[in-house]
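Listed below are the residues making up each chain.
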Amino acid sequence: MLSTRQNPALEAKIAQMARTLRPLVRVTNGAHHPSFPLTVLNFHLLTSEQCDELAHHFHQRTPSEWTGLYPIQIEWRNDATLDQKRRRIGRFIGLRGCESPMVVRSEEDIEREARRARARDEDEVMKRKLRWYS
């Protein structure tokens, strides 16, 4: 069996997961939430319910006059996937790599979408013209 000394990638990952996080505090009373992840590993283990609770605690789930007093604001959606919720909470608390992934479309997809839009526009023009002849 390999030890972490024989597997530098595993050793680096364990060190990364063990990094401590400083709790963010609520602007109204300076309290931190009991579910706030104190390590990167704890962050990755957050449940959907815990993410919802954190968003509520930090005035992001239900916007109020306090929402804009945090370093950033996040658009909270209760129907988001767990991964999306974690990413938003991670971005909110300042973790790197929690930005929303960019969707890269192929040139073919862009051309196909442009053809569909052009066809819709042409259909609308024809409908407007034919309306007078009906």
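Details of the structure are given in the entry above.
These notes cover the structure that comes with them. (Residues numbered from 1 in each chain as written. Predicted model: local features only at pLDDT ≥ 70, side-chain atom pairs only at ≥ 80, totals over all residues. Heavy atoms only, no water.)

1. A word on the nonpolar core
In step 1: Among the nonpolar cores identified, the biggest contains 17 residues, and Leu-21, Phe-43, Leu-46, Leu-54, Phe-58, Trp-76 and Ile-89 are the most heavily contacted of them.
In step 2: Elements with a contribution of two residues or more to this core: α2 (40-44), α3 (48-57) and α4 (82-93).
In step 3: Looking at this core, the element that brings in the most residues is α3, giving 3 residues.
In step 4: Other than its neighbours up to four places away in sequence, Phe-43 contacts Leu-21, Pro-37, Arg-86, Ile-89, Gly-90, Leu-95 and Cys-98. (Core = buried A, V, L, I, M, F, W, Y, C linked by side-chain atoms within 4.5 Å. Buried < 20%, exposed > 50% of the residue type's maximum accessible area, 1.4 Å probe, protein only. Helix = DSSP H or I, 4+ residues; strand = E, 2+ residues; numbered from the N terminus. Contact = heavy atoms within 4.5 Å.)

2. A closer look at the environment of Cys-51
In step 1: Structurally, the position occupied by Cys-51 is in helix α3.
In step 2: The buried category is assigned to Cys-51, whose relative accessible area is 0%.
In step 3: Each C-alpha atom, one on Cys-51 and one on Arg-120, is 41 Å from the other, the two residues being 69 residues apart in sequence.
In step 4: Here Cys-51 is in contact with Leu-46, Trp-76, Leu-82, Lys-85, Arg-86 and Ile-89, once residues within four sequence places are set aside.

3. Let's talk about the packing of α3 against α4
In step 1: The interhelical angle for the contact between α3 and α4, taken along N-to-C directions, is 35°, at an axis separation of 9 Å. Relative to α4, α3 is oriented so that their crossing is left-handed. Contact with α3, carried on its side by Ser-48, Cys-51, Asp-52, Leu-54 and Ala-55, involves Leu-82, Lys-85, Arg-86 and Ile-89 of α4 and no other residues of that element.
In step 2: Tallied by class, the residues present in the contact of α3 with α4 amount to 5 nonpolar, 1 polar and 3 charged. (Axes fitted to C-alpha atoms, helices over the stretch in contact; angles between N-to-C directions. Left-handed = near helix turned anticlockwise from the far one by under 90°. Nonpolar A, V, L, I, M, F, W, Y, C, P; charged D, E, K, R; others polar.)

4. Looking at the packing of aromatic side chains
In step 1: According to the stated counting rule, one finds 4 aromatic pairs in the structure shown.
In step 2: With a centroid separation of 6.4 Å and 85° between ring planes, the pair formed by Phe-36 and Phe-58 is classed as edge-to-face. With Phe-36 in the loop between α1 (8-18) and α2 and Phe-58 in the loop between α3 and α4, this pair connects stretches of sequence that are 22 residues apart. Of the two residues, Phe-36 and Phe-58, both sit in the buried class.
In step 3: Ring plane angle 45° and centroid distance 5.6 Å describe the contact between Phe-58 and Phe-92, whose orientation is recorded as tilted. Residue Phe-58 is located in the loop between α3 and α4, and its partner Phe-92 is located in helix α4; the two are separated by 34 residues in the primary sequence.
In step 4: Take Phe-92: its relative accessible area is 5%, and that puts it in the buried class.
In step 5: By way of ring pairs, the aromatic residues Phe-36, Phe-58, Tyr-70 and Phe-92 are connected into one cluster. (Phe/Tyr/Trp six-rings, centres within 6.5 Å; stacked < 30°, edge-to-face > 60°.)

Any functional reading would require information beyond the geometric quantities listed.
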